[in-house]
Amino acid sequence: MGPVWGGDLILWAVGVKGNALVGLPVDSRGRVPTDSFLRLSQHPEVYVVGDLNGLPWPQLAPVALQQGRHAAFNLVRTMRGKEPLPFHYRDHGQLAVIGRNRAVAQIGTLGFYGLPAWLLWALVHLAELVGFRNRLLVLLDWAYTYFFREPGVRILLRELVPGTSLREGPLILPAPPRSGPEERP
């Protein structure tokens, strides 16, 4: 996603790897150094969150989500004439899917794996989605994929496919056909 312009607010969102805007200073890791409030020291009106932020936090979605909420909180505080508060990351644990019915989880000092971790991963991801409709659609897609052992939906943006344009909308490609039941675990 590129820049979103809205009056005096400019929002720049990029993917998994930090991608500095032209003119912003970056460290040796390609991240933008910020103060403890998530702001550029030379421009306190500019907040940097997520993978691009230079604070020593892991480049994970939970960190980016907490930083985004905190930046918005500080923006509102500043607009009300109050001083911003420093960012403190609260680690809620780690979840990772490693296969069908297999995942690993670490929450505090508790670590577990297998089906319980996989179910927890699914519940957490559904809970993080915005809106009942999105949760229901994702749950139905997961259920279909799970019970029919189908690979997930493949979506490519047209700008990545030669000779097409993003203005035409996303290009949805069907999943490749399976050759037979012998490949299924």
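Preceding block: the structure.
Residues numbered from 1 in each chain as written. Predicted model: local features only at pLDDT ≥ 70, side-chain atom pairs only at ≥ 80, totals over all residues. Heavy atoms only, no water.

Caption draft 1: Here's a closer look at the overall build of the protein chain. When helices and strands are counted, the protein chain shows three helices and seven strands. Secondary structure of the protein chain in N-to-C order comes out as β-β-α-β-β-β-α-α-β-β. Among the 185 residues that make up the protein chain, the fraction classed as buried is 20%. By sequence separation, contacts in the protein chain at least 24 residues apart represent 27% of the contacts at least 6 residues apart. Working note: accessible area of the protein chain is about 13,500 Å², and carbon and sulfur atoms make up 64% of it. (Helix = DSSP H or I, 4+ residues; strand = E, 2+ residues; numbered from the N terminus. Buried < 20%, exposed > 50% of the residue type's maximum accessible area, 1.4 Å probe, protein only. Contact = heavy atoms within 4.5 Å. Areas by Shrake-Rupley, 256 points an atom, 1.4 Å probe, with all protein chains shown as cover.)

Caption draft 2: Just helix α3 (residues 132-148), in detail. Given a rise of 1.5 Å per residue, 17 residues ought to cover 24 Å, and the 24 Å separating the end C-alpha atoms of α3 matches this to within 8%. Arg 149 sits one or two positions beyond α3 and adopts a positive phi of about 50°. (Expected span 1.5 Å × (residues − 1).)

Caption draft 3: Quick peek at the packing of aromatic side chains. Counted under the stated rule, the structure contains six aromatic pairs. The interplanar angle of 40° and the centroid separation of 4.9 Å between the aromatic rings of Tyr 144 and Phe 148 together place this pair among those described as tilted. One end of the pair is Tyr 144 and the other is Phe 148, both in helix α3 and four residues apart, which spans about a single turn. Judged by its relative accessible area of 46%, Tyr 144 is partly exposed. With relative accessibility at 49%, the residue Phe 148 sits in the partly exposed group. Here a set of aromatic residues connected by ring pairs shows up, and it is made of Trp 57, Phe 87 and Tyr 89. (Phe/Tyr/Trp six-rings, centres within 6.5 Å; stacked < 30°, edge-to-face > 60°.)

Caption draft 4: Quick look at the side chain of His 70. As for its position among the elements, His 70 is in helix α1 (residues 61-79). In this structure His 70 touches Leu 38, Leu 85, Pro 86 and Phe 87, once residues within four positions along its chain are discounted.

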